[in-house]
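Spelled out, the chains give:
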Amino acid sequence: MDYSQFGAMLPELIILGVFLLVFLYDTFGCDCSKKFLTPFTTVLFGLATVAIWLIPSYDEYIFGGMYVNDTACQAMKAILNVGVFIVFLQSAKWTESDEVAIRKGEFYELILVTLFGMYLMISARHFLLFVIGLESASLPLAALVAFNKKHYESHEAAAKYILTAVFSSAILMMGLSFVYAFSGGSLYFSDICSNIVNGRGTGLLVVALAFVLAGIGFKLSLVPFHLWTADVYQGAPTAITSYLSVISKGAAAFAFFVIFAQAFGTLYSEVWEWMMYAVIIATITVGNLFAIRQRNMKRFMAFSSISQAGYIMLGVMAGGIGLASMMYYIFVYIVSNLGAFAVISSIENNSGKLSMDDYTGLHKTNPWLSFAMTLAMFSLAGIPPFAGFFSKILIFTAVTSTGSTALYMLVLVALINTIISLYYYLLVVKAIWITPGESAIANYRSACSERIALWLCVAGIIFFGIVPFIYEYCVKAVIG
């Protein structure tokens, strides 16, 4: 092996370096110095994020083509880093609480390990490397979901998550064994695609693809593989819930796109196009309808994230330009969803309130939090002129640009569902600004880190709503 190839994995090496520094600081630092672990990790990770944005990217295939770090992959990794940096900021106060402070090093280390696994998923062009990345991202998340050791709900959520992860991984591996057997004995994406084109695939390859889609569908919370989502989101610590809702979903969506485009593209177009229509429509519709019934804010955001996963999957249908649209949508979704979670986390940390009914009259006691939550809900709903409106428009435009009548109908259904989502997102706004009653949440001042995280999200929602033409630069950067 030529060890110089590892030099092409700069994003992974940077994250691994951050992990090692945090681990050494947490392990060997004295008790007095450990109180600075949170700012040390946040600042160090912020510098790593800037470095990943700035380092040049090349189309480098290493380890026999198993790993690639091209412009699109590096851009996706940088987008995930921005989301993780915001999560670190909004969770700083929680990690300093009496219950968590002694284990805050473990929190940061587990997050960094999962991020490393997601990097491998994004750059994988061989199913062996993809599975290694998937498991590196999934297993530490089970420990994070169970992070509140004294809370029964956290233990229950972790048990549900790990069982779901185990069964979904088993289904995925069974599908990959069929793919290996029926597509020429290779797990390279390019080899699988060429063997399918040359007619070497069999009818059982369709079954194999069904298993693969089911395994990845669990990770993305696509219907009908979504039933674990609400319970896990509700039971996990809010900081972990926000991480699960955007970062892991973004990485899985990008990997899903690559697998479809580079491994199963031909088989997909011939066999599975209508099945994907059904999955996307069911995901958007079920997520929207069940979100209407929720009063717990974390369960509400869980079904919202299921619906948003369906919109993200629209980018897979477009191919080509769909990749840039999907990445732009994920970035806007990160700032919008984390903006909502920043408010939810801040309120929970200061009052313990998680019900939508507790938000009644919030504008009287906490107007700035009310303003930020309103912007986040407007963006998630796709109301102009906020960023979420343009991200939906761009992904709809990418899908319809293919000229397929079926895709036009798919976008029509998605547009109808957008009206439904507008209703339940405005339920939160109604509770905050219109519903009469005294607020159950007293006036308070958020921690400095929480305010920074919140205003970064607000700035992103407003900025990408005012200057949506930045999408053109995204297209040029991703697809040339």
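Residues numbered from 1 in each chain as written. Predicted model: local features only at pLDDT ≥ 70, side-chain atom pairs only at ≥ 80, totals over all residues. Heavy atoms only, no water.

K.L.:
Requested: an account of empty space enclosed by the protein, with residues and values cited.
P.N.:
Under the defined criterion, the tally for this structure stands at 2 cavities of 30 Å³ or more. Taken as a whole, the largest cavity spans an internal volume of roughly 200 Å³. Mapped by element, the contributors of at least two residues to the lining of the largest cavity are helix 5 (104-123), helix 6 (127-145), helix 7 (152-182), helix 9 (203-220) and helix 11 (238-262). Looking at the lining of the largest cavity element by element, the count peaks at 5 residues for helix 11. In this structure, the second largest cavity spans a volume of roughly 50 Å³. Every residue along the wall of the second largest cavity is listed here: Q308, Y329, V332, Y333, S336, S379, L380, G388, S391 and K392. If you tally residues by element for the lining of the second largest cavity, the top one is helix 14 (residues 321-351), at 4 residues. Here the residues of the lining of the second largest cavity sort into 4 nonpolar, 5 polar and 1 charged. (1 Å grid on protein atoms, 1.4 Å probe; cavity = no way out; pocket = protein on both sides within 12 Å on 5 of 7 lines; lining within 4 Å. Points joined across faces, edges and corners; volume = space filled by probe spheres on them. Helix = DSSP H or I, 4+ residues; strand = E, 2+ residues; numbered from the N terminus. Nonpolar A, V, L, I, M, F, W, Y, C, P; charged D, E, K, R; others polar.)

K.L.:
A description of unusual backbone geometry should follow, citing residues and the corresponding values.
P.N.:
Along the chain, V223 connects to P224 via a cis peptide bond; the corresponding omega equals 10°. Within the secondary structure, P224 sits in the loop between helix 9 and helix 10 (229-235). The step from P384 to P385 runs through a cis peptide bond, and the omega angle for that step is 10°. Within the secondary structure, P385 is located in the loop between helix 16 (367-381) and helix 17 (387-400). Positive phi, normally seen in glycine, also occurs at S221, with a value near 65°. In this fold, S221 is placed in the loop between helix 9 and helix 10.

K.L.:
A description of the pattern of salt bridges should follow, citing residues and the corresponding values.
P.N.:
Across all of its chains, the model carries 6 salt bridges by this definition. Taking the shortest distance from any N to any O, the salt bridge between K77 and E12 comes out at 2.8 Å. Of this pair, K77 sits in helix 3 (residues 71-90) while E12 sits in helix 1 (residues 10-28); the two residues are 65 residues apart in sequence, bridging distant segments of the chain. With a relative accessible area of 1%, E12 lands in the buried category. Overlapping salt bridges bring together E156, K160, D231 and R299 as one network. (Salt bridge = Lys/Arg side-chain N within 4 Å of Asp/Glu carboxyl O. Buried < 20%, exposed > 50% of the residue type's maximum accessible area, 1.4 Å probe, protein only.)

K.L.:
Lay out the packing of helix 3 against helix 11 with the relevant residues and their values.
P.N.:
The packing of two helices is summarised by the inter-axis angle and the distance between the axes. Orientation of helix 3 relative to helix 11, taken along the N-to-C sense of each, is 180°, at an axis distance of 10 Å. In terms of orientation, helix 3 and helix 11 fall into the roughly antiparallel class. Facing A72, C73, M76, L80, G83, V84, V87 and Q90 of helix 3, the residues of helix 11 in contact are A239, S242, Y243, I247, G250, A251 and F254. Looking at side-chain class alone, the contact of helix 3 with helix 11 contains 11 nonpolar, 4 polar and no charged residues. (Axes fitted to C-alpha atoms, helices over the stretch in contact; angles between N-to-C directions. Parallel < 35°, antiparallel > 145°, perpendicular 65-115°, else oblique. Contact = heavy atoms within 4.5 Å.)

K.L.:
Which residues make up the nonpolar core, and what are the values?
P.N.:
F107, F127, F130, F264, M373 and M377 are the most contacted members of the largest nonpolar core, which has 171 residues in total. Looking at this core, the element that brings in the most residues is helix 14, giving 18 residues. With sequence-adjacent residues up to four places away left out, F127 is seen in contact with L176, L187, F189, I192, I259, A263 and F264. (Core = buried A, V, L, I, M, F, W, Y, C linked by side-chain atoms within 4.5 Å.)

K.L.:
Describe helix 18 (residues 405-433), with residues and values.
P.N.:
End to end, helix 18 covers 42 Å across 29 residues, agreeing with the expected 42 Å (1.5 Å per residue, within 8%). If you look at helix 18, its biggest bend is around 25°, right at L427. (Expected span 1.5 Å × (residues − 1). Bend = angle between axes of the 7 residues up to and from the residue.)

K.L.:
Mind laying out the packing of aromatic side chains, listing which residues take part and the relevant values?
P.N.:
This model, assessed by the stated rule, comprises 27 aromatic pairs. Between Y25 and F40 the ring centres are 4.6 Å apart and the planes differ by 20°, which places this aromatic pair in the stacked class. Of this pair, Y25 sits in helix 1 while F40 sits in helix 2 (residues 37-54), and the two are 15 residues apart along the sequence. Aromatic pair W368 and W455: ring centres 5.9 Å apart, planes at 75°, arrangement edge-to-face. Linking W368 in helix 16 with W455 in helix 19 (residues 448-466), this pair joins segments that are 87 residues apart in sequence. In this structure W455 comes out as partly exposed when scored by relative accessible area, which is 34%. Among the aromatic residues, those joined into a cluster by ring pairs are F45, F88, W94, F107, Y108 and F147. For K392, the ring lying beneath its charged end belongs to Y311, and the centroid distance is 4.9 Å. (Phe/Tyr/Trp six-rings, centres within 6.5 Å; stacked < 30°, edge-to-face > 60°. Lys NZ or Arg CZ within 6 Å of the ring centre and 35° of its normal.)

K.L.:
An account of the layout of surface pockets is needed here, citing residue identities and associated values.
P.N.:
Counted as a void, the second largest pocket has a volume near 350 Å³. Contributing to the lining of the second largest pocket are 20 residues, with W94, N148, H151, P237 and E348 lying nearest its centre. Contributing elements (two or more residues each) for the lining of the second largest pocket: helix 4 (92-95), helix 7, helix 10, helix 11 and helix 14. Tallying contributions element by element places helix 14 first for the lining of the second largest pocket, with 3 residues. Residues that form the lining of the second largest pocket fall into these classes: 6 nonpolar, 9 polar and 5 charged.

In short, shape yes, function no, at least from these values alone.
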